[in-house]
Amino acid sequence: MTSPIPAPGEPLPHYVSTAPFDPYSVEVMTEEQVRVNQASQLRLMWWKFKRHKVALASGIFLAVLYGMILICEFLAPYDLHTRNVDFIYAPPQRVHFFHEGEFVGPFVYGRTMTLDMDTLKRNYADDTSQVEPIRFFCRGDDYRFWGLFESNLHLVCPAEGGQLFLLGTDRLGRDVLSRIIYGARISLTIGLLGITVSFVLGIVIGGLAGYHGGIFDLVVQRLIEVLQSIPSIPLWLSLAAIMPATWSPLLIYLGITVILGLLDWTGLARAVRSKLLALREEDYVLAAQLMGARSGRIIGRHLVPGFMSHLIATATISIPGMILGETALSFLGLGLRPPITSWGILLTEAKSVSVIAFYPWLLFPTIPVILVILAFNFLGDGLRDAADPYK
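In this report, we go over the structure that sits alongside the text. (Residues numbered from 1 in each chain as written. Predicted model: local features only at pLDDT ≥ 70, side-chain atom pairs only at ≥ 80, totals over all residues. Heavy atoms only, no water.)

**Structural notes on the overall build of the chain**
For the chain, the helix and strand inventory stands at 14 helices and 5 strands. Against the globule reference of 21 Å for 391 residues, the chain gives a C-alpha radius of gyration of 31 Å, more extended than a compact globule. Projecting the C-alpha coordinates of the chain onto the three principal axes gives extents of approximately 125 × 65 × 40 Å. Taking all 391 residues of the chain together, 40% fall into the buried category. Of the accessible surface of the chain, which amounts to about 22300 Å², a share of 65% is contributed by carbon and sulfur atoms. (Helix = DSSP H or I, 4+ residues; strand = E, 2+ residues; numbered from the N terminus. Rg over C-alpha atoms; globule rule 2.2 N^0.38 Å. Buried < 20%, exposed > 50% of the residue type's maximum accessible area, 1.4 Å probe, protein only. Areas by Shrake-Rupley, 256 points an atom, 1.4 Å probe, with all protein chains shown as cover.)

**Here's the deal with the state of the cysteines**
Using the criterion set out here, one finds 1 disulfide in the structure. Free cysteine Cys-72: the closest other cysteine sulfur is in Cys-157, separated by 15 Å. On the accessibility criterion, Cys-72 (1% relative accessible area) is buried. (Disulfide = S-S within 2.5 Å.)

**Here's the deal with the nonpolar core**
Of all hydrophobic cores here, the largest spans 45 residues; its most connected members are Leu-188, Ile-256, Leu-336, Trp-343, Leu-362 and Val-372. Setting aside chain neighbours within four positions, we find Leu-336 in contact with Ile-186, Ile-252, Tyr-253, Ile-256, Glu-326, Ser-330, Ser-342 and Ile-345. Counting 13 residues, the second largest nonpolar core, distinct from the first, contains Ile-203, Leu-268, Val-304 and Leu-311. (Core = buried A, V, L, I, M, F, W, Y, C linked by side-chain atoms within 4.5 Å. Contact = heavy atoms within 4.5 Å.)

**Some remarks on the packing of aromatic side chains**
Counted according to the given criterion, the structure contains 12 aromatic pairs. Aromatic pair Tyr-78 and Phe-165: ring centres 5.6 Å apart, planes at 20 degrees, arrangement stacked. Residue Tyr-78 is found in the loop between α4 (72–75) and β1 (96–99), and its partner Phe-165 is found in the loop between β5 (149–157) and α5 (176–212); the two are separated by 87 residues along the sequence. You can call Phe-165 buried: its relative accessible area is 1%. Consider the rings of Tyr-359 and Trp-361, whose centres lie 5.6 Å apart with planes at 65 degrees: the pair is edge-to-face. Note on Tyr-359: relative accessible area 15%, which makes it buried. Judged by its relative accessible area of 10%, Trp-361 is buried. Clustering of aromatic rings is evident, with ring pairs tying together Tyr-78, Phe-87, Tyr-124 and Phe-165. (Phe/Tyr/Trp six-rings, centres within 6.5 Å; stacked < 30°, edge-to-face > 60°.)

**What to know about the packing of helix α3 (residues 53–68) against helix α14 (residues 366–386)**
One way to put it is that α3 packs onto α14 with a least axis distance of 8 Å and a crossing angle of 130 degrees. Taken together, the axis directions place α3 and α14 in an arrangement best described as oblique. Like other packed secondary-structure pairs, α3 and α14 cross with a definite hand, here left-handed. Residues Val-54, Ala-55, Ser-58, Gly-59, Phe-61, Leu-62, Leu-65 and Tyr-66 of α3 form the contact with α14, whose own contacting residues are Leu-371, Val-372, Ala-375, Phe-376, Phe-378, Leu-379 and Gly-382. (Axes fitted to C-alpha atoms, helices over the stretch in contact; angles between N-to-C directions. Parallel < 35°, antiparallel > 145°, perpendicular 65-115°, else oblique. Left-handed = near helix turned anticlockwise from the far one by under 90°.)

Pasting the structure below:
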């Protein structure tokens, strides 16, 4: 049946619905799709990072370690410089829970020492008649917390009149575990401070080279090529050797930090330069230039934030190299010096093959170095994948 033809002057029939139009009714999405479509860039990155289980576990592990260095005086059973002259080169003690079939709780047995007159080696044996319970939240060696106030509260302490060497002692009778905990403060923070120096130099120099180009870019690229062509270890050694021996430990610490930062900015600068070469032709950069914005503002406010996630991932991967650099310099005697303690300084105790053969527990500082390096690498991989959540 055909519709009637309207008479001249009459309005045509209206076939469009007058009901309010909902644009989302065309494609009905599930709650999960709505949650993803309305999520911010940062939230998408976090969701993708969480799927990288190893990177997530590494991030938690590093967060715990960096939290521990804030209270290392409280965590260490002994003070950094406490010497136990009766227990030189004492091997690690085992923690027991049962004594003669009865539950006692965490404890260690007392130690007896005999001297081998042929080899002059100290031999230690457990005395099962001496049960020394481990104390928690106890009073022990005095210390100055962050050099601010006196305290003697520790998380773990030996029994009254007893000893507790879970990782053994060194040639001066100092507890290896306590020194590893104290050394973490230096070894972990030197990587953060070094990457800060490298980050600033890389962004500033690489940003100016990529944004302006020309002769400045040419000079910067040749300088980077020269620095990258020099072997890193000899360059570290030469720069560390020029620091005066009369410098205080704090100045040496700052000097090593600056050296590590000065030698690591080249790779970051090239990454920043390549990104800015691609972004400087965008329309929003031209708009900022027409509005009178200076180069520093354009680079810092408009260009760098666009790939900051990539820079963070790159910096995370660079931190392990700085930790290894400090460890190598300190091990070779050209880095940090006592009384500052780092993992590299602790490893100087194990330079001799004979020492390693007789006292292998002096190599325990290598374990946190390996774990931290692996954790930073896994974390960097996870951040690099999460930097582009749309892939």
